[in-house]
Amino acid sequence: MKVYSINNQNVFSFKTQNFMGQANIPLALPCPADKYEQCFDYIESSRTKAFEELAEVKFKRAISPYRAILALLNSEDTNITKALLYKMRTPDELEGMALDASASEFLRGLKVKKLIGLGASALAFETEDGKILKLTSRKHYPNRRKPDFFDVPIIKQGKSCRTYYYLEEKLSQDDLSQSELKKFVKEIEEKGYILRDIHHYTCELDGYMIKPEQFGRAKDGKIYLIDPECVLKPKKPLISFKNIINAIKHLLKIK
């Protein structure tokens, strides 16, 4: 396994070039005809939070998702290179996702203005018109579970080659109280779901608090879970009481 040094300024610094001939056939991504452009020039600024997490990356102008991915990959911004290293996002993986995004007519038609989330498998962008675009290397919902009441409604979804994409409403996180979050989490757990990565442990009486960054409020006032990978589908019981009752009825010949 190749280990990258955080102090190496050349990490993820491969510059993608593009030259197009008279036949107007692109030889590489992402630049227009007869023009050379360094992808990292698209980035205006970056902002981090704890543990090398990227809070936000602003682009100088709204650009297509594949250009945005290549901009991150080719950036010399240390906040970005450290975050990519921390999340173990490799150049090959990001280049593949960029190529997948470029192959989708729908994604080529979108413009994103900032990156608002970087996970181990997904990138979350804010689009020009204020929606959220998630690009991920695997399906949105873990263990093949189906979307439920706590999941953000999907406006549009699809798959381009190996990359899945989901377009959602942008949620507000400014007015979420612990009481309503704990009530919401309890409703999810009462349906048998297993939740992970949603708690901060504290010295309070109940011992924990809900991470507000994992939730958001839609325009209609409903609360949703932002990261669907935080919820695993209910486990099937090892013993079915219905089958036990049916077996007893069969033995006793009760109809």
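Residues numbered from 1 in each chain as written. Predicted model: local features only at pLDDT ≥ 70, side-chain atom pairs only at ≥ 80, totals over all residues. Heavy atoms only, no water.

(A) Quick look at the sheet that holds strand E5 (residues 131–136). Overall, antiparallel pairing links the seven strands, which are arranged E1-E2-E3-E4-E5-E7-E6 in an open sheet. A single partner strand is all that each edge strand has here, and the edge strands are strand E1 (43–48) and strand E6 (154–160). If you compare each strand with its neighbour and ignore which way they point, the axes differ by 20° on average. Pairing between E5 and strand E7 (residues 163–169): six bridges, direction antiparallel. The residue of E7 that forms the bridge with leucine 133 is leucine 167. (Pairing = 2+ DSSP bridges. Helix = DSSP H or I, 4+ residues; strand = E, 2+ residues; numbered from the N terminus. Axes fitted to C-alpha atoms, helices over the stretch in contact; angles between N-to-C directions.)

(B) Structural detail: the environment of leucine 115. Along the chain, leucine 115 turns up in strand E3 (residues 112–118). Between the C-alpha atoms of leucine 115 and isoleucine 69, which are 46 residues apart in sequence, the distance is 9.3 Å. Contacts of leucine 115, omitting those with residues within four sequence positions, involve Leu54, Ala55, Glu56, Val57, Phe59, Leu72, Leu123, Ala124 and Phe125. (Contact = heavy atoms within 4.5 Å.)

(C) A look at the nonpolar core. Counting residues in hydrophobic clusters, the biggest one holds 31 residues, and the most contacted among them are Phe59 and Phe125. Contributing elements (two or more residues each) for this core: strand E2 (54–63), helix H1 (65–74), helix H2 (78–86), helix H3 (91–102), E3, strand E4 (122–127), E5 and E7. Ranked by the residues each element gives to this core, the list is headed by H1, at seven residues. Judged by nonpolar contacts, the second largest core, of 15 residues, contains Leu195, Ile198, Leu225 and Val231. (Core = buried A, V, L, I, M, F, W, Y, C linked by side-chain atoms within 4.5 Å. Buried < 20%, exposed > 50% of the residue type's maximum accessible area, 1.4 Å probe, protein only.)

(D) Main features of the side chain of glutamate 168. Among the structural elements, glutamate 168 can be located in strand E7. On the accessibility criterion, glutamate 168 (3% relative accessible area) is buried. Here lysine 134 takes part through its side chain, which lies 3.4 Å from a polar atom of the side chain of glutamate 168. Engagement of the side chain of glutamate 168 in a polar contact is seen with the side chain of histidine 140, the distance being 3.0 Å. If near-sequence neighbours (up to four positions away) are discounted, glutamate 168 is found in contact with Lys131, Ile132, Lys134, His140, Val152, Pro153, Ile154 and Ile155. (Polar contact = N/O pair within 3.5 Å; in protein donor to acceptor, adjacent residues only side chain to side chain.)

(E) Fine view of a positive patch on the surface. Where like charges cluster on the molecular surface, the positive patch consists of Lys139, Arg144, Lys159 and Lys233. Inspection of the secondary structure puts lysine 139 in the loop between E5 and E6. The exposure class of lysine 139 is exposed, given its relative accessible area of 53%. (Patch = residues over 30% accessible without salt bridge, like charges linked within 9 Å, V, L, I, M, F, W, Y side chains within 5 Å. Areas by Shrake-Rupley, 256 points an atom, 1.4 Å probe, with all protein chains shown as cover. Salt bridge = Lys/Arg side-chain N within 4 Å of Asp/Glu carboxyl O. Lys, Arg positive; Asp, Glu negative; His and termini not counted. Charge placed at Lys NZ, Arg CZ, Asp CG, Glu CD.)

(F) Quick look at the pattern of salt bridges. Applying the stated criterion across every chain yields a total of 15 salt bridges. The salt bridge involving aspartate 100 is made with arginine 162; its shortest N-O contact spans 4.0 Å. Note that aspartate 100 is positioned in helix H3 and arginine 162 in the loop between E6 and E7, a separation of 62 residues in sequence. Among the salt bridges present, the one from lysine 191 reaches aspartate 148, with a minimum N-O distance of 3.2 Å. On the criterion of sequence distance, the pair formed by lysine 191 in the loop between helix H5 (178–190) and strand E8 (194–195) and aspartate 148 in the loop between E5 and E6 is long-range, its members being 43 residues apart. Residue classification places lysine 191 among the partly exposed residues on the basis of a relative accessible area of 45%.

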